[in-house]
Amino acid sequence: MASSGTIQLIYLQDCQSRQSSRKEVMARLPKPAEGSWTEHYGLGTAPVSYEGTTSPEYYEVEREAVFRRSWLHVGRVEQVDRTGAYFTKEIAVLGTSIVVVRDADGKVRAFHNICRHRGNKLVWTDFPSEETAGVCRQFTCKYHAWRYNLDGSLNFVQQEGEFFDLDKGAFGLVPVHCDVWQGFIFVNFADEPEQPLHEYLGPMLGALDGYPFERMTERRVYRTEIKANWKLFVDAAQEFYHAPVLHLKQNPPALALPMQDNGFEAPYYQIDGPHRVVSTNGIRAWDLPEDKRKRMDTITRSGLFGAWDAPDLGIEKMPAGINPGGCEPWGMDSFQVYPNFLLGIWSQNWVMSYTYWPTGFNSHVFEGTLHFIPAKTPGEYLAHEMAGVAFKEYLLQDANTLEATQMMLESGVVNRFPIGDQEVLCRALIEETDRWIADYKEKKGIS
Amino acid sequence: MSLLPAEFADLEPFAAKWCVDTEDERFAVRMASSMEEIQAFYDAFEPRAETAVAHCDRYTLDDLPEDGANLLRLLCALVQASFPVECWRQVKVPDTGAAAVDCIVQPAL
Ligand code: FES
Ligand SMILES: [Fe+2]
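Residues numbered from 1 in each chain as written. Chains lettered and ligands numbered in written order. Predicted model: local features only at pLDDT ≥ 70, side-chain atom pairs only at ≥ 80, totals over all residues. Heavy atoms only, no water.

Residues and elements named next belong to chain A. This model, assessed by the stated rule, comprises 29 aromatic pairs over all chains. With 4.9 Å between their ring centres and 55° between their planes, Tyr 211 and Phe 213 make a pair best called tilted. Overall, Tyr 211 belongs to the buried group, its relative accessible area being 1%. In this structure Phe 213 comes out as buried when scored by relative accessible area, which is 4%. (Phe/Tyr/Trp six-rings, centres within 6.5 Å; stacked < 30°, edge-to-face > 60°. Buried < 20%, exposed > 50% of the residue type's maximum accessible area, 1.4 Å probe, protein only.)

So, on to the environment of Gly344(A). Residue and element names in this part refer to chain A. Turning to its location among the elements, Gly 344 is positioned in strand β15 (residues 341–346). For Gly 344, a relative accessible area of 0% puts it in the buried group. In contact with Gly 344, other than residues within four places in its own chain, are Met 332, Asp 333, Ser 334, Trp 350, Val 351 and Met 352. (Helix = DSSP H or I, 4+ residues; strand = E, 2+ residues; numbered from the N terminus. Contact = heavy atoms within 4.5 Å.)

Right, let's talk about the sheet that holds strand β10 (residues 184–188) of chain A for a bit. Residue and element names in this part refer to chain A. Strand order in the open sheet formed by 7 strands is β1-β10-β9-β4-β3-β2-β5, with antiparallel pairing between adjacent strands. Looking at the sheet topology across the chains shown, the edges are occupied by β1 (72–76) and β5 (133–135). Strand-to-strand twist across the sheet, computed as the mean angle between neighbouring axes with direction ignored, equals 30°. Judged from the 5 bridges that link them, strand β3 (residues 96–102) and strand β4 (residues 108–112) form a sheet pairing that is antiparallel. (Pairing = 2+ DSSP bridges. Axes fitted to C-alpha atoms, helices over the stretch in contact; angles between N-to-C directions.)

Let us look at the pattern of salt bridges. All names here are of chain A. One pass over the structure, following the stated rule, counts 31 salt bridges over all chains. Of the charged contacts, one joins Lys 231 and Glu 62 as a salt bridge, the two residues approaching to 2.7 Å between their closest N and O atoms. Of this pair, Lys 231 sits in helix α6 (residues 230–238) while Glu 62 is found in helix α4 (residues 56–67), placing the two residues 169 residues apart along the sequence. The burial state of Lys 231 is the same as that of Glu 62; both residues are buried. Ionic pairing is found between Asp 309 and Arg 301, a salt bridge with its closest N-O pair at 2.9 Å. On the basis of relative accessible area, Asp 309 is assigned to the partly exposed category, the value being 49%. Under the relative-accessibility criterion, Arg 301 is labelled partly exposed at 38%. Here the residues in one salt-bridge network are Arg 69, Glu 194, Asp 439 and Lys 443, joined through shared partners. (Salt bridge = Lys/Arg side-chain N within 4 Å of Asp/Glu carboxyl O.)

Every contact between the two is made by 35 residues of chain A and, on the other side, 43 residues of chain B. For chain A, the biggest contributors to the area lost against chain B are Pro378(A), Tyr381(A) and Leu396(A); these three give 19% of the whole. Counting across the chain A and chain B interface gives 6 salt bridges. Between Arg295(A) and Glu46(B) there is a salt bridge; the shortest N-O distance is 2.4 Å. Inspection of the chain A/chain B interface yields 19 residue pairs in polar contact (both at pLDDT 80 or more). Breaking the side of chain A that touches chain B down by element, the ones donating at least two residues are β11 (218–226), α9 (295–300) and α10 (378–409) of chain A. The greatest single-element share of the side of chain A that touches chain B, amounting to 16 residues, is contributed by α10(A). When its residues are assigned to classes, the side of chain A that touches chain B shows 14 nonpolar, 9 polar and 12 charged. In the sheet, β11(A) pairs with strand β1 (residues 102–105) of chain B via 3 bridges, with the strands oriented antiparallel. (Buried area = accessible area lost by both parts, 1.4 Å probe. Polar contact = N/O pair within 3.5 Å; in protein donor to acceptor, adjacent residues only side chain to side chain. Nonpolar A, V, L, I, M, F, W, Y, C, P; charged D, E, K, R; others polar.)

Residues and elements named next belong to chain A. Split into domains, chain A comes out as domain 1 (4–54 + 211–444) and domain 2 (72–192). The C-alpha-based centres of domain 1 and domain 2 are spaced at 35 Å. Of the residues lining the interface, 16 residues belong to domain 1; the matching set on domain 2 comes to 15 residues. With both chains or domains summed, domain 1 and domain 2 bury close to 1300 Å², and 71% of this area falls on carbon and sulfur atoms. Considering only the side of domain 1, the residues that lose the most area to domain 2 are Phe 213, Phe 341 and Trp 357, jointly responsible for 43% of the buried surface there. Inspection of the region where domain 1 meets domain 2 yields 0 residue pairs in polar contact (both at pLDDT 80 or more). Of all the secondary structure elements, the ones that give two or more residues to the side of domain 1 that touches domain 2 are β15, β16 (350–360) and β17 (363–372). Of the residues forming the side of domain 1 that touches domain 2, the biggest block, 4 residues, is contributed by β16. (Domains from an automatic or database assignment.)

In structure tokens, the structure reads:
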């Protein structure tokens, strides 16, 4: 996807590689002692099945085994920045809609978006199936005007005397477990989550604490519906092997040629519980010769990697979890928070976050958000525009390719696919999801 | 009525078409243009783009006058035009069929 690694080491290496080009290209970056990242993390090396993306039955189990049991990222605290601020979120994978709100005590809460009277969708505008946001003192149902406090309690029933033994205390909104990490709001649809959020996120993500996400309040949000299984898009964003191929032409020829020869290598991969990260090497675009930059990058002093002039983060030192492999020069970290949340942290001091929300076994809604420290100057605004538009051009290329992949995977003609070491995280995702499903079936006594 | 600062008066014909408020609208203008139109806009504006950025950057975003804001809109439109010209040699991203991506939130300009 937005392929930070695209340019990366290639420029540094293009001289030697032009000589060895088209011959066997050996790995240039060090690998773990086991010889590969894949073996280092104890994963298999055999070809894999993609049945998990083509089987409606697999998807049905995945909904319960994965999406009802994991912590799911649904928004940022800045979207509920005052008492009564709320947004709704359609959770098609679990067949529900939720409303997330900041209550009078400042606590962020989530509820199923259903009125306890006769089941009307409580919060919506114009189109029942579309998401909405706003600020209110209380929630009032559009149907018969039952009213709920921001903490979910039922406070008013129209013609209450007409009802029979109605205990208002027993008809509050149905809560959803909700917690916040670093300003990212998560919900969990289990009756009782198996782990609290912070424990679920684990040490690798916990080590990001202290990064100033809260300062990055300028947001650009991109949304698209993709006719492919959600995991196929996760894959496209957790391997950069495709970047110098699918996205090659986003680079000037002088850069594209060596990229084509070199392919891509990531300097660092880590797997921590269900979560994963890949880091890339960076380049200083402004140090490249003119013929290796796009003219518009020079004009805007920006590009896919973000503004050349990185804003000050206002922190003493980077949290230890950033650039966990100590890559130098460092480009970005792409953290994959299981199951469907990506958090990308760039060396140019901005952040991207993706969510992939399944709507069926072969479709999902993708939302990508670019988070910037707000532009103060026109030049900074333009730099963010450039990053946003470049991001979208990549996204368009990925989106259509995913549909093409889904289509042929569904043909069932082939079901054993070789996965390389640069795709180690794709393999990890398959194995991880299989594990969640096996664990769920075992607990439920299903065979 | 002129949209742009006086020193960019020669770009007025492009401003009438390309000075729109949002990234999605700029994308729509691009999609509705021919490659020749995009190339003509790029060729006219690209050599002066750095001067335009410098002009805008004499102000902060908050106190940017309306003609400066239009110049910034035109620069954002040049970003849209740059991809067909510098990367694709065609208006659309190659191989993107019916794929569509909406920019549903962006900072106001
Ligand atoms: S369904 Fe909500 S008040 Fe009747
Ligand atoms: Fe990609």
